[in-house]
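One letter stands for each residue in the lines below.
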Amino acid sequence: VTARVRALLLFTAAAIAAIPAGAQTPEFRPLSRVLGDARAAGGPLPGNLATPVVMRPRAAALGELLRDLTRQAGIAVVYPGELADGPMVRTAPDTLAVGDALLVVTRGTGWTPWADGAGAVVVRRDSVRRAPDGERARVSGFVRSAETREVVRYASLLALPDSIRGQSSADGSFSLALPRGTQRLRVRALGFAPLDTIVEVAGPVTLELTLGSVAAALASVTVAAAAEPSDIDPATPAMSVARLDLQALRRTPAVLGEVDPVRSLSLLPGVSRTSDFSSAFTVRGGGADQNLILLDEATVFNPAHIFGFLSVFNSDAVDDVTLYKGAIPSRFGGRLSSVLDVRQREGNAREYAGSASVGLLASRALAEGPLPFTRGSFLVAGRRSYADAFLGAASDSTVRDTRAYFYDLNAKVNVPLGRTGNLMFSQYAGRDVFGQEDLGDTRWGNRSATLRWNQIVGGRLFSKVSLNTSRYDYALGFDVVSEPVEWTSRIANDALRVDQVLSVAGQEVEFGGEVATLEIRPGDVLTADSAVIAPVRVEKRQAAMFAAYVGHKVDVGPRVTLHYGARWAAFDRLGPGTRYRYADDLAVRWNQAQARFEPGRLIDSTPVARGTGLAQFDGWEPRAALRVGLTPRASIKASYARTRQYLLLVSRTTSPTPLDVWEPAGPYLAPQTGDQVAVGYAATLADGVWDLSVEAYGKTLRNVADFADGSDVLLNPRVETAIVQGDGRAYGVEVLVRRNAGRTRGWLSYTAGRARQRVRAGADGGINGGAWYPSPTDKTHDFSLVAIRTLSSRWTVGSTVAVASGLPVTYPVARYQVDGLLVPEYGPRNGARLPLYHRLDVSLTRTGRRSDLQFGIYNLYNRMNAQSMTFRQVQDRPLATEAVQLSILGILPTISYTWRF
Amino acid sequence: MGDWVGAAGLVLCAAGCERVVAVELPEGPERLVVEARLEARADTSDGRQTVRLSTTDAFFSGVRPPPATGAVVRVTDDRGVVVPFPESGVAGTYTTTQLPVRLGRTYTLRVEWQGERYEAVTAVAPGAAIDTLYFAEPAAGSRGPRSGPRATIDLRDDGRVRNWYLWEQEVDGVPLAGPDSLTLGRVVASDLGFDGLGITGFQPFDGAVIRRGATVRLRQIGITEEMMRYYRALNEQVANGGTPFDVPLASVRGNVVGVSPNRPIALGYFFAGAVAERTARLAP
């Protein structure tokens with residue numbers, strides 16, 4: 001392992017040294033000449049070409065032998081994917097330097113290894129048919145991790161000297177139309193060492209580009225490995241995209257030792273949380289239910305463990321977390337504010353490996369490796385909390401009798417289909433259990449699965465067909481007048497998706513569609529004895545969803561890239577069900593005299609047969625993004641996106657709870673729509689060491705939901721009588737500065753923004769008199785700084801600083817007494833602010849060969865940040881009232897240990 | 001459902017804390033507060049009814065809210081019969097003995113105070129009889145101590161109509177909902193889940209252990225759906241702990257309307273409901 005890491009580091013350093021500004025050509029010469037010259041000069045072989053490797057007696061395809069040799073030596077070799085099919089080579093047992101071994105295995109095959117002065121190797125065909133100038137050929141394939149052979153998503157590719165750019169997809173595939181002849185190819189990806197190589201383009205060719213891990217570079221004090229993260233890529237029109245660097249996050253402080261991808265999102269600009277307790281997040285002034293959360297393309301309806309404290313995403317099993325805050329690609333739809341695209345790891349296709357972690361909150365275990373009887377890989381990961389073990393030791397009997405735990409199970413299998421195809425099955429199942437002796441049990445959890453077939457057709461068409469299924473349910477068991485009662489609720493979603501990307505003449509056309517079904521059972525309350533408790537079944541909701549999209553990415557000259565498209569989405573609410581009719585066609589009406597919303601008057605109800613439409617909605621969602629390059633490393637960008645949302649989370653609480661229910665759009669619940677524009681500047685500075693992104697955004701939202709005071713939204717068959725709809729608007733500026741290299745890495749995030757909402761009724765009615773008021777998520781200033789300092793090859797210190805304006809809060813202007821209770825009378829909604837929020841977290845990580853040990857302290861100086869301000873009667877002086885500030889998490893030390901095997 | 005959330009908060013917010021802080025609050029305009037409940041009692045034709053009027057006060061005043069004195073209070077039924085409520089000896093309390101409330105009738109409250117006029121309208125909400133009141137150990141899922149006698153009732157809901165209930169309990173004449181008892185919130189429920197069924201062993205105040213020798217008066221009052229929403233909103237606000245599982249803070253709005261030209265806002269409620277009542281003494 002050490003040799004491999006060293007080789008990667010040396011290769012990385014050499015590659016950077018060779019092409020400091022992307023202007024110089026790596027000097028590749030035939031490997032035999034490179035080795036001969038080095039030996040003649042009496043010096044060491046370049047890079048780690050001297051690393052000994054063992055050759056076994058066997059006959060195998062040249063590609064397989066190359067893979068074996070490079071894995072043993074830990075070097076990166078670029079070779080066409082077709083070598084996986086031959087020529088066949090017979091090898092004799094021997095132990096050689098890897099440089100010599102490469103010469104041996106390629107001898108007489110028609111292929112020759114070439115190397116540069118740093119020891120990077122590329123295998124080229126002996127005779128290359130030269131083509132007329134200007135003729136292009138398709139170069140396609142996959143970008144993979146050298147360490148595990150997992151695909152590398154969103155890697156940026158740059159072919160020189162023609163500056164042809166590309167990006168690997170979410171499945172790791174790429175396609176470039178390159179002029180025939182020699183092309184220099186630069187590949188960059190977040191968390192990986194950069195790769196600079198050459199490609200000999202004689203005709204259509206399939207390549208596997210393997211990237212070394214930058215994890216070792218993080219721990220190195222000698223190598224400044226510059227990566228070019230693609231979420232701030234001045235070369236593409238993509239903007240308002242944030243990608244979490246999970247490797248870096250593992251070296252920053254984590255609450256109770258659990259690296260939570262969703263919790264960590266709030267360290268990025270434009271993303272905020274309203275509570276230290278809850279991992280629920282909001283994006284650019286939107287609501288927590290306006291984020292589409294996908295796990296391997298399957299929707300996760302409630303990503304919460306422990307009532308929202310942690311997300312359901314096990315960071316060990318996840319390798320990419322991408323958040324689209326705006327400029328949402330047309331292939332996504334269904335939510336107003338953002339898309340969180342989480343991908344599970346594919347598993348190590350090279351060797352069996354595993355890890356186990358112990359933290360204060362939960363333990364995790366992971367196993368991965370190549371499939372036993374065929375090519376491909378698998379990954380299985382599990383996580384289980386053990387809070388219940390600690391609760392049993394509590395002195396408080398209520399706490400002691402509490403059962404509280406959760407578990408996750410992630411699994412994924414990948415099977416390559418030929419050299420250009422892939423079949424993937426991904427699965428997630430998780431469950432929370434919370435119960436008390438007196439209250440009974442509540443259980444909730446998600447299950448999702450995805451079966452996906454990827455195929456590259458003719459090097460031009462990237463085809464993806466997937467079947468997704470997703471379930472979320474909860475069950476409460478409790479007693480009513482000594483009678484056991486079970487309360488259940490469920491949402492089920494099945495979808496068939498087709499996504500195609502066609503690359504033609506340097507342009508990219510994406511198109512596809514989706515057919516999905518949705519079934520919601522809002523609540524069923526059942527008991528064994530119906531003579532005591534009458535069963536309650538809230539009518540289930542059913543819907544069919546259809547979507548089609550098209551997008552076109554085109555370079556308009558060397559500096560301008562335009563990516564535009566549109567999505568058409570339809571939502572059919574279907575029977576069986578009941579069609580209700582309300583007086584004045586209002587399910588909720590504003591009572592001006594009493595200054596409150598109240599349910600509309602029901603006139604009649606008629607049953608609707610199975611499959612009959614209750615309500616139909618459809619609409620276009622145009623999307624566009626534009627890049628204008630100022631320099632090769634800086635550009636300005638602009639984007640526009642319209643989004644529609646047909647599902648609403650019925651939640652009256654400040655943060656979502658596991659017991660909330662989704663309600664589909666219907667006859668009296670209009671779909672939510674949003675429009676967002678953004679302009680920005682993106683640059684990479686100092687040869688990729690620094691990234692800078694500045695974006696300004698503005699968005700308007702329509703039909704966003706609020707709830708009538710005192711309304712009961714649970715087990716309410718006509719929940720539309722509790723929901724009021726209004727408008728939202730948000731605008732702001734986001735700044736992200738990131739340092740990718742050196743002993744100190746990390747990022748600074750700052751957002752200055754406003755988020756307002758309005759619920760109007762008539763001329764001067766509605767919440768707050770129909771005036772705009774600050775959204776509950778509104779933070780004027782939100783700053784965070786994440787820094788990771790490498791102290792030595794083993795020790796890393798991490799810190800997080802968070803400073804933010806206090807959240808809006810509503811203050812009383814008076815009090816009064818009703819039925820003996822003192823009741824606050826409030827002033828303007830969200831008219832005041834909580835005190836400034838600030839916090840410092842630190843961690844110290846020791847990275848060993850096979851283990852990581854992390855100590856951390858959350859909220860180092862024990863700042864009791866206000867999460868809310870409430871006003872109540874004083875317990876021992878009943879006529880007195882007081883203001884109470886609630887803080888959730890004070891100082892919280894943590895320790896976690898991870899063992900890899 | 002709230003119990004679940006509260007229990008979760010207890011366990012999960014163990015690392016957090018509450019802190020009383022000094023806050024400077026703006027002072028809003030003085031408003032009239034109405035507590036007007038007309039009771040229809042099946043066991044008596046007594047026409048005694050009470051309306052209490054008070055006003056809002058500064059939030060940190062620390063004293064009992066000022067009574068609204070000198071008001072003119074009248075209740076009119078749907079036959080046009082007007083019953084005045086003269087101010088009693090207790091400031092802010094207006095009473096009559098001339099208004100026996102009957103199911104099926106609609107009543108309108110009219111109040112004139114400090115030059116402003118207010119109105120509210122209500123129908124009489126049906127209720128149900130309490131079959132028995134007795135004392136029993138707490139049922140599973142009860143709050144408070146795990147043992148000790150609780151006031152327990154049996155009742156039968158009327159399956160012909162939707163019902164909403166309010167329960168009140170006095171122990172030796174002291175109400176459990178009041179500033180001195182800190183039973184925050186009112187005990188209310190709809191008949192969802194037991195519409196038309198008999199309920200046995202119901203303990204509305206399951207957290208209150210009854211001491212031996214105490215006399216308990218338990219009242220079951222039918223309320224309207226509108227009042228159900230009012231009390232639910234009231235409970236959500238007075239017991240609001242500011243946790244992520246609480247609703248946002250908001251004013252509670254009742255059904256009393258200012259009808260003067262400048263539409264003054266009044267707080268509180270006016271409703272009429274059928275009342276069932278039982279009294280029992282736990283043997284010493």
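Refer to the structure printed above.
Reading the values: rules and limits
- Residues numbered from 1 in each chain as written.
- Chains lettered and ligands numbered in written order.
- Predicted model: local features only at pLDDT ≥ 70, side-chain atom pairs only at ≥ 80, totals over all residues.
- Heavy atoms only, no water.
- Helix = DSSP H or I, 4+ residues; strand = E, 2+ residues; numbered from the N terminus.
- Rg over C-alpha atoms; globule rule 2.2 N^0.38 Å.
- Buried < 20%, exposed > 50% of the residue type's maximum accessible area, 1.4 Å probe, protein only.
- Areas by Shrake-Rupley, 256 points an atom, 1.4 Å probe, with all protein chains shown as cover.
- Lys, Arg positive; Asp, Glu negative; His and termini not counted.
- Charge placed at Lys NZ, Arg CZ, Asp CG, Glu CD.
- Pairing = 2+ DSSP bridges.
- Axes fitted to C-alpha atoms, helices over the stretch in contact; angles between N-to-C directions.
- Parallel < 35°, antiparallel > 145°, perpendicular 65-115°, else oblique.
- Contact = heavy atoms within 4.5 Å.
- Nonpolar A, V, L, I, M, F, W, Y, C, P; charged D, E, K, R; others polar.
- Polar contact = N/O pair within 3.5 Å; in protein donor to acceptor, adjacent residues only side chain to side chain.
- Salt bridge = Lys/Arg side-chain N within 4 Å of Asp/Glu carboxyl O.

K.L.:
Help me understand the overall build of chain A, please; the structure alone is not making it clear to me.
P.N.:
In terms of helices and strands, chain A carries nine helices and 62 strands. In terms of C-alpha radius of gyration, chain A reaches 29 Å, essentially the compact-globule figure of 29 Å for 901 residues. Projecting the C-alpha coordinates of chain A onto the three principal axes gives extents of approximately 100 × 55 × 55 Å. A burial count over chain A gives 63% of its 901 residues as buried. For chain A, the computed accessible surface area is about 31600 Å², with 58% contributed by carbon and sulfur atoms. Here chain A carries 101 positive and 86 negative side-chain charges, and the mean point of each set is 6 Å from the other.

K.L.:
Help me understand the pairing of strand β47 (residues 723–739) of chain A in this model?
P.N.:
Looking along a regular strand, one sees the side chains alternate between the two faces of the sheet. Residues and elements named next belong to chain A. Looking at chain direction, strand β46 (residues 690–707) and β47 are connected through 17 bridges and run antiparallel. Within β47, the position partnered with T700 by the bridge is R729. In the sheet, β47 pairs with strand β48 (residues 744–758) via 13 bridges, with the strands oriented antiparallel. Looking at the pairing, V733 lines up with A752 of β48. Connecting β47 to the antiparallel partner β48 that follows it, the hairpin turn spans four residues, and G742 within it adopts a positive phi of roughly 95°.

K.L.:
What exactly am I supposed to notice about the packing of helix α3 (residues 62–73) of chain A against helix α4 (residues 98–106) of chain A here?
P.N.:
Helix packing for two helices is described by the angle between their axes and how far apart those axes are. Residues and elements named next belong to chain A. Taken N-terminus to C-terminus, the directions of α3 and α4 make an angle of 175°; their axes are 11 Å apart at the nearest point. Between α3 and α4, the angle is such that the two are roughly antiparallel. The residues of α4 that touch α3, namely those facing L62, L65, L66, L69 and A73, are V98, A101, L102, V105 and T106. Of the residues in the contact of α3 with α4, the class split is nine nonpolar, one polar and no charged.

K.L.:
Explain the pairing of strand β31 (residues 461–480) of chain A to me, please; I cannot follow it from the model alone.
P.N.:
All names here are of chain A. As judged from the 17 bridges shared by strand β30 (residues 440–457) and β31, these two strands associate in the antiparallel manner. If you follow R447 over to β31, its bridge partner there is R471. Hairpin connection from β30 to β31: three residues lie between these consecutive antiparallel strands, with G458 at a positive phi of about 65°.

K.L.:
Help me understand the side chain of D171 of chain A, please; the structure alone is not making it clear to me.
P.N.:
All names here are of chain A. With respect to the element layout, D171 can be found in the loop between β11 (164–167) and β12 (173–179). For D171, a relative accessible area of 9% translates into the label buried. Not counting chain neighbours up to four residues away, the residues in contact with D171 comprise F142, V151, R153, R343, R452, N454 and K464.

K.L.:
Explain the environment of S843 of chain A to me, please; I cannot follow it from the model alone.
P.N.:
All names here are of chain A. Looking at where S843 falls in the secondary structure, it is placed in strand β58 (residues 837–847). With relative accessibility at 3%, the residue S843 sits in the buried group. Leave out the neighbours within four places in its chain, and S843 touches R251, T252, P253, T796, V797, G798, Q854, F855 and G856. In terms of polar contacts, S843 uses its side chain to reach the backbone carbonyl oxygen of R251, at 3.4 Å.

K.L.:
Quick question: what am I supposed to make of the pattern of salt bridges here?
P.N.:
Pairing is possible between side chains that carry opposite charge, provided their charged atoms lie close to one another. Residues and elements named next belong to chain A. Applying the stated criterion across every chain, the model contains 72 salt bridges over all chains. One salt bridge connects R471 with D494, and the closest N-O pair in it is separated by 3.1 Å. Of this pair, R471 sits in strand β31 while D494 sits in strand β32 (residues 483–504), and the two are 23 residues apart along the sequence. Classification of D494 as partly exposed rests on a relative accessible area of 30%. Between D691 and R738 there is a salt bridge; the shortest N-O distance is 3.5 Å. One end of the pair, D691, is in strand β46; the other, R738, is in strand β47, with 47 residues separating them in the sequence.

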